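Residues per chain are reported as follows:
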Amino acid sequence: MVQAVTDSNYKTETDTGVTLTDFWATWCGPCRMQSPVIEKLAESRDDVKFVKMDVDANPETPKSFGIMAIPTLVIKKDGKVVEKLVGYQTKDQLDATLNKYTA
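Residues numbered from 1 in each chain as written. Predicted model: local features only at pLDDT ≥ 70, side-chain atom pairs only at ≥ 80, totals over all residues. Heavy atoms only, no water.

As recorded by an unreviewed UniProt entry, the chain carries the name Thioredoxin and is attributed to Lacticaseibacillus zeae. Quoted verbatim from the Sequence similarities (unreviewed entry) field of UniProt, the annotation for the chain is "Belongs to the thioredoxin family." (UniProt positions renumbered as here; feature names shortened; annotations may be inferred.)

Novice: Got a minute to help me understand the state of the cysteines in this structure?
Specialist: All chains considered together, the criterion is met by one disulfide. Note on cysteine connectivity: Cys28 is disulfide-linked to Cys31, with sulfurs 2.3 Å apart. Handedness here is read from the sign of the S-S torsion; for Cys28 and Cys31, about 80 degrees, the answer is right-handed. Here the two residues Cys28 and Cys31 agree in accessibility, since each one is buried. (Disulfide = S-S within 2.5 Å. Buried < 20%, exposed > 50% of the residue type's maximum accessible area, 1.4 Å probe, protein only.)

Novice: For this particular structure, what's the right way to read the nonpolar core?
Specialist: Here is a general trend for soluble globular proteins: nonpolar side chains tend to be buried in one another's company. If you look at the biggest cluster of nonpolar residues, it comprises 15 residues, and the most contacted ones within it are Leu20, Ile38, Phe50, Ile75, Leu94 and Leu98. Among the secondary structure elements, those contributing two or more residues to this core are strand 2 (18–24), helix 2 (29–44), strand 4 (72–77) and helix 4 (91–102). When residues in this core are grouped by element, the largest group, four residues, is from helix 2. For Phe50, the contacting residues outside a window of four places in its chain are Met1, Val2, Gln3, Leu20, Ile38, Leu41, Ala42, Arg45 and Leu98. By size, the runner-up hydrophobic cluster in this structure holds 13 residues, among which are Ala25, Cys28, Phe65 and Ile67. (Core = buried A, V, L, I, M, F, W, Y, C linked by side-chain atoms within 4.5 Å. Helix = DSSP H or I, 4+ residues; strand = E, 2+ residues; numbered from the N terminus. Contact = heavy atoms within 4.5 Å.)

Novice: Explanation requested: the pairing of strand 2 in the structure shown.
Specialist: Looking down a regular strand, the side chains alternate between one sheet face and the other. Of all seven residues in strand 2, six are buried; the element is thus mostly enclosed. Bridge count for strand 2 against strand 4 is six bridges, and the pairing is antiparallel. Bridge pairing links Thr21 to Val74 in strand 4. Pairing geometry for strand 2 and strand 3 (residues 49–54), over six bridges, is parallel. Bridged to Phe23 within strand 3 is Met53. Traced from strand 2 through helix 2 to strand 3, the parallel crossover comes out right-handed. (Pairing = 2+ DSSP bridges. Right-handed = clockwise from strand over helix to strand, strands pointing away.)

Novice: When you look at the environment of Thr26 in this model, what are you seeing that I'm missing?
Specialist: Structurally, Thr26 can be placed in the loop between strand 2 and helix 2. Distance in space between the C-alpha atoms of Thr26 and Asp56 is 8.6 Å, their sequence separation being 30 residues. Aside from chain neighbours lying at most four places away, what touches Thr26 is Arg32 and Asp54.

Written as structure tokens, this is what we have:
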């Protein structure tokens, strides 16, 4: 399951373990393509917490990461950003990237 987060609870929700945050917006075509891929990945991985943030409703967090394009996926391990991916990613690409931080 992919949990929606906000500026106010983002830090708390992504401070422990490996997390993947999908920064998206309703008007973004590539974001609408990315979303089902992340949902599918979330079903098959218990070792990663998946969250998503609407950049229009929550501008502070994306600004703090310097996000200029969406979709942007931010992977954190124990609260530290370990990878930032911009643009559409396939399930296999995401799986391989996450494996670097969960093994």
